[in-house]
Amino acid sequence: HIEAGHIPDQSWVVWEYERSGKQVPTVSNPEKFYQAAKACFRKLVLAAGKHGLSPKPWEEIGDRVKRCLAKRPDCEDQDDNKSLTRNKCEHWESEFGDLFFDDGGEHLCYDRLAFRRTAFENSPDELDWDEWDRGWTLGRTFAVRREFFESDWVKFHRAALIQRALFEHLKMQNRS
């Protein structure tokens, strides 16, 4: 990242750079992200099958995923992460809405503080720690809700830890 900044994180960018004065081959983020999405999908299909679920085949959704990954957000300020995220969610919703909304499901809406509000009693300003300086934890306390361990925030972090452990396990299996 030191030479490329945030470009590796942007799914729609095709880019080139030099490393140690030598030109590196063109990097296609849309293709790299697509291959990563396809690999994740395969693993999730295996897990879904163990739970009796039958997801749509990749052949039905792969091109749609590729379009979403390659789509540059329609934001004037490409450095405004909130607008970028909102715009990307709107694009994914328009591409995949048929999978979620035909039965009256909720529309995609990213509120980065929503899960925190289910876990903590603090004010919204106190929960917006993404914008704080590095020493933000010094002297701060958080009032947990009675339902803290059943909150979406805790459930999300539990699921993220399980997912991380699963992918670490799969990565280790692939090395042997």
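Each chain carries its own residue numbering, running from 1 in the written order of its sequence. The model is predicted, so local features are restricted to residues of pLDDT at least 70 and side-chain atom pairs to those at 80 or more, both for listing and for counting; the totals for chains, interfaces and linings are taken over all residues. Each side-chain value is worked out from all heavy atoms of the structure, with water and hydrogens disregarded.

Caption draft 1: Geometry of the overall build of the chain. Helix and strand counts for the chain stand at six helices and four strands. Put simply, the chain runs from its N terminus to its C terminus through helices and strands in the order β-β-β-β-α-α-α-α-α-α. Summarising the internal contacts of the chain: among those between residues at least 6 apart in sequence, 37% fall at separations of at least 24. Of the roughly 13,400 Å² of accessible surface on the chain, 53% is carried by carbon and sulfur atoms. A helix here means a DSSP run of H or I that spans at least four residues, while a strand means a run of E at least two residues long, and both kinds are numbered starting from the N terminus. Contacts between residues were defined by any pair of non-hydrogen atoms, one from each residue, lying within 4.5 Å. Per-residue accessibility takes into account occlusion by the displayed protein chains alone, with areas from the Shrake-Rupley method and a 1.4 Å probe.

Caption draft 2: Spatial organisation of helix α1 (residues 29–50). The span expected for a helix works out to 1.5 Å for each residue beyond the first. Between its first and last C-alpha atoms α1 spans 32 Å; for 22 residues at 1.5 Å apiece the expected length is 32 Å, and the two agree. Buried residues are those whose accessible area, probed at 1.4 Å on protein chains only, stays under 20% of the maximum for their type, while exposed residues exceed 50% and partly exposed ones sit between those limits. Buried residues of α1: Asn29, Pro30, Tyr34, Phe41 and Ala48, and no others. All buried residues of α1 fall inside an arc of 115° around its axis, so they share one side. For α1, the exposed residues lying more than 90 degrees away from the buried face are Lys32, Arg42, Leu46 and Lys50. Next to the buried residues of α1 lie β1 (14–15), β4 (27–28) and α2 (58–70). Once α1 finishes, Gly52 follows within two positions and takes phi at roughly 75°, a positive value. It is the directions from the helix axis to the C-beta atoms whose arc is reported.

Caption draft 3: Structural context of the pattern of salt bridges. Basic side-chain nitrogens of Lys or Arg form a salt bridge, by our definition, when they fall within 4 Å of a carboxyl oxygen of Asp or Glu. Tallying each qualifying case throughout the model produces five salt bridges. Of the charged contacts, one joins Arg67 and Glu95 as a salt bridge, the two residues approaching to 2.6 Å between their closest N and O atoms. In this pair, Arg67 is assigned in helix α2 and Glu95 in helix α3 (residues 81–100), connecting sequence segments 28 residues apart. Judged by its relative accessible area of 44%, Arg67 is partly exposed. Where salt bridges share partners, they join Arg64, Arg67 and Glu95 into one cluster.

Caption draft 4: Local environment of the side chain of Asp128. Within the fold, Asp128 resides in the loop between α5 (124–127) and α6 (152–175). When its relative accessible area of 18% is taken as the criterion, Asp128 is described as buried. Each residue touching Asp128, except ones within four places of it in the same chain, is listed here: Arg112, Leu113 and Arg116.

Caption draft 5: Examining the environment of Asn122 more closely. Locating Asn122 in the fold gives a position in the loop between α4 (114–119) and α5. Asn122 sits 22 residues away from Val144 along the chain, and the two C-alpha atoms are 8.1 Å apart. If we skip the residues at most four places from it in the chain, Asn122 touches Leu127, Thr141, Phe142 and Ala143. Under this definition, polar contacts are N or O atom pairs within 3.5 Å; protein pairs additionally need one hydrogen-donor-capable and one acceptor-capable atom, and for neighbouring residues in sequence, both atoms have to be side-chain atoms. Only 2.9 Å separates the side chain of Asn122 from the backbone nitrogen of Ala143, close enough to count as a polar contact.

Caption draft 6: Molecular detail of α2. For α2, spanning 13 residues, the distance from its first C-alpha to its last is 17 Å, which sits close to the expected 18 Å at 1.5 Å a residue. Considered for burial, the residues of α2 that qualify are Trp58, Ile61, Gly62, Arg64, Val65, Cys68 and Leu69.

Caption draft 7: Layout of the packing of α1 against α2. Only the stretch in contact is used when fitting a helix axis, every axis being a line fitted to C-alpha atoms; angles between N-to-C directions are given from 0 to 180 degrees. Remark: α1 packs on α2, axes separated minimally by 9 Å, with the N-to-C direction vectors making an angle of 145°. Seen along the crossing, α1 lies across α2 with a hand that is right-handed. Taken together, the residues of α2 that come into contact with α1 (itself represented by Pro30, Glu31, Phe33, Tyr34, Ala37, Lys38 and Phe41) are Trp58, Ile61, Gly62, Val65, Lys66, Leu69 and Ala70. Among the residues making up the contact of α1 with α2, the classes are represented as 10 nonpolar, one polar and three charged. Here a crossing is called left-handed whenever its near helix is offset anticlockwise from the far helix by less than a right angle, and right-handed whenever the offset is clockwise. Residues are grouped as follows: Ala, Val, Leu, Ile, Met, Phe, Trp, Tyr, Cys and Pro are nonpolar; Asp, Glu, Lys and Arg are charged; all remaining types, including Gly, are polar.

Caption draft 8: Structural detail: the packing of aromatic side chains. Ring geometry is summarised as follows: Phe, Tyr and Trp rings, the Trp one being its six-membered ring, pair when their centres sit within 6.5 Å, and such pairs are stacked at plane angles under 30 degrees, edge-to-face over 60 and tilted between the two. This structure, assessed with the given rule, holds nine aromatic pairs. Judged by centre distance (5.7 Å) and plane angle (15°), the rings of Trp92 and Phe96 are stacked. Of the two residues, Trp92 and Phe96 are both situated in helix α3; the distance of four residues between them amounts to about one turn of the helix. We classify Phe96 as buried; its relative accessible area is 8%.

In short, shape yes, function no, at least from these values alone.
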